[in-house]
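Descriptive analysis of the structure
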Amino acid sequence: MFFKKLLKKFLRIFLPLGLGIILLWYLYRNQDIGSMMEVVRRGVDYRLILFSLGFGLFGNVMRAFRWSLLIDSLGKRVGRTNAVNAVLGNYAINMALPRVGEIWRCGVIAKQEKIPFTKLLGTLFVDRLLDWVVVSTLTLCLCVFNIGFFRKFFSENPPLLIEKAYQTATSVWTYIILALLVVAVWYVFVKLKHFSFVQKIKGIMRNIWEGFKSLWVIRNKALFTAETLLIWLGYFFYFYVTFFAFDFTRDLGLRIGLITFAMSSISVAVPVQGGIGVWHFMIITTLTAFGVSKTDAGAFALVVFTVQTVWLVLTGLYGIIALASTKNKNYG
């Protein structure tokens, strides 16, 4: 049993990390490391890189405030300071265990604020759904006005995940399995509804749904919308300001900055620590499509990812320590 648990933890941590590192090696294996290190040493205005970090922190604080509004709509007021620290800690934990940070975020607030965990999980679904809507909308708009870039990108870099999704969606076995699942769920909840474990599952699902419904019962929808926009404005400038720290990206302009930002946002959805490897691939491929050399694009991705990752870990550790030392609710 101990060995099995250890193996699961090992696979959860090192399998995605290993895949990311392999992709990283693939991207940099033929790079001119000497020229790249010269860019890293002499071709970067690190003052601007450091300045950009404030926008990332701002975006995460706005995310915490928006999440607090969702929780408040459940009739459970949450301390804003605790929410901010939980969101910051969320990102640090995700660096070690992809997607575990979100569960930890709900768990620590459930304990601190005495709110049912499953209701918080429902608000988290809303939080992530809104991220998907924003990134999808931005990418779709950029596709419409930059169709040439996206056509070239997908022709030169076949989207294997999309191909797999298409194959799955068109397979008859997919629909057979779905039909069997529907029948199984119906049987459990209708024919076995008197069993205690079914009642517990129903209770959990009701709590999750109640948390999910929080989006429709928010009192201050204008503030919620403003905070959503501020989150993504913060994230965009967190990334785009770094363009001005390098000679070869400084003059690329807002349009290319938006495209590169959208591609980097897509990569973060992949369950790998910090998007390592996948993020580098998206950045390098996008920048080279707009005339940046592979060496320069590789240096850009290396510097920005490293500095921002260290920043996320440091602020996240602060959030975790602050929550651990909090004894009383803070409604600041």
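In the block above lies the structure referred to throughout.
Below, the structure is looked at part by part. (Residues numbered from 1 in each chain as written. Predicted model: local features only at pLDDT ≥ 70, side-chain atom pairs only at ≥ 80, totals over all residues. Heavy atoms only, no water.)

Quick look at the packing of aromatic side chains now. In this structure the tally under the stated criterion is 17 aromatic pairs. Residues Phe243 and Phe300 carry aromatic rings whose centres are separated by 5.6 Å and whose planes lie at 90° to one another, so their mutual orientation is edge-to-face. Of this pair, Phe243 sits in the loop between α11 (221-240) and α12 (254-268) while Phe300 sits in helix α14 (residues 294-324), and the two are 57 residues apart along the sequence. Phe300 matches Phe243 in its accessibility class, with the two residues each being buried. (Phe/Tyr/Trp six-rings, centres within 6.5 Å; stacked < 30°, edge-to-face > 60°. Helix = DSSP H or I, 4+ residues; strand = E, 2+ residues; numbered from the N terminus. Buried < 20%, exposed > 50% of the residue type's maximum accessible area, 1.4 Å probe, protein only.)

Attention now moves to the nonpolar core. Side chains of nonpolar character tend, in soluble globular proteins, to be buried together. In terms of nonpolar packing, the biggest core is built from 73 residues, with Trp67, Leu120, Phe243, Phe246, Leu287 and Phe300 touching the most fellow members. For Phe300, the residues in contact, after removing those within four places along its chain, are Phe239, Thr242, Phe243, Phe246, Phe248, Thr249, Ile283 and Leu287. (Core = buried A, V, L, I, M, F, W, Y, C linked by side-chain atoms within 4.5 Å. Contact = heavy atoms within 4.5 Å.)

Below, the discussion takes up α11. Between its first and last C-alpha atoms α11 spans 28 Å; for 20 residues at 1.5 Å apiece the expected length is 28 Å, and the two agree. Within the sequence span of α11, burial applies to Phe224, Glu227, Thr228, Ile231, Trp232, Gly234, Tyr235, Phe236, Tyr238, Phe239 and Tyr240. (Expected span 1.5 Å × (residues − 1).)

Time to look at a nonpolar patch on the surface. On the surface, Phe58, Leu230, Leu233 and Phe237 cluster together into a nonpolar patch covering about 320 Å² of accessible area. Here the nonpolar patch gets three residues from one element, more than from any other, and that element is α11. Mapped onto the elements of the fold, Leu233 is located in helix α11. We classify Leu233 as partly exposed; its relative accessible area is 45%. (Patch = residues over 30% accessible without salt bridge, like charges linked within 9 Å, V, L, I, M, F, W, Y side chains within 5 Å. Areas by Shrake-Rupley, 256 points an atom, 1.4 Å probe, with all protein chains shown as cover. Salt bridge = Lys/Arg side-chain N within 4 Å of Asp/Glu carboxyl O.)

Following both chains from N to C, one finds helix α13 (residues 278-289) and α14 inclined at 140°, their axes separated by 9 Å at the closest point. α14 is crossed by α13, and the crossing has right-handed handedness. Together, Trp279, His280, Ile283, Ile284, Leu287 and Thr288 of α13 and Lys294, Ala297, Gly298, Phe300, Ala301, Leu302, Val304 and Phe305 of α14 make up the contact between the two elements. Counted by class, the contact of α13 with α14 contains ten nonpolar, three polar and one charged residues. (Axes fitted to C-alpha atoms, helices over the stretch in contact; angles between N-to-C directions. Left-handed = near helix turned anticlockwise from the far one by under 90°. Nonpolar A, V, L, I, M, F, W, Y, C, P; charged D, E, K, R; others polar.)

The next subject is the pattern of salt bridges. Taken as a whole and judged by the stated rule, the model has 13 salt bridges. A salt bridge links Asp72 to Arg77; the shortest N-O distance between them is 3.7 Å. Residues joined in a network through salt bridges with shared partners are Arg63, Arg66, Glu102, Arg105, Asp127, Arg128 and Asp131.

On to the side chain of Thr139. Assignment of secondary structure puts Thr139 in helix α6 (residues 117-145). If sequence neighbours within four positions are ignored, Thr139 has contacts with Phe150, Ala262 and Ile266.

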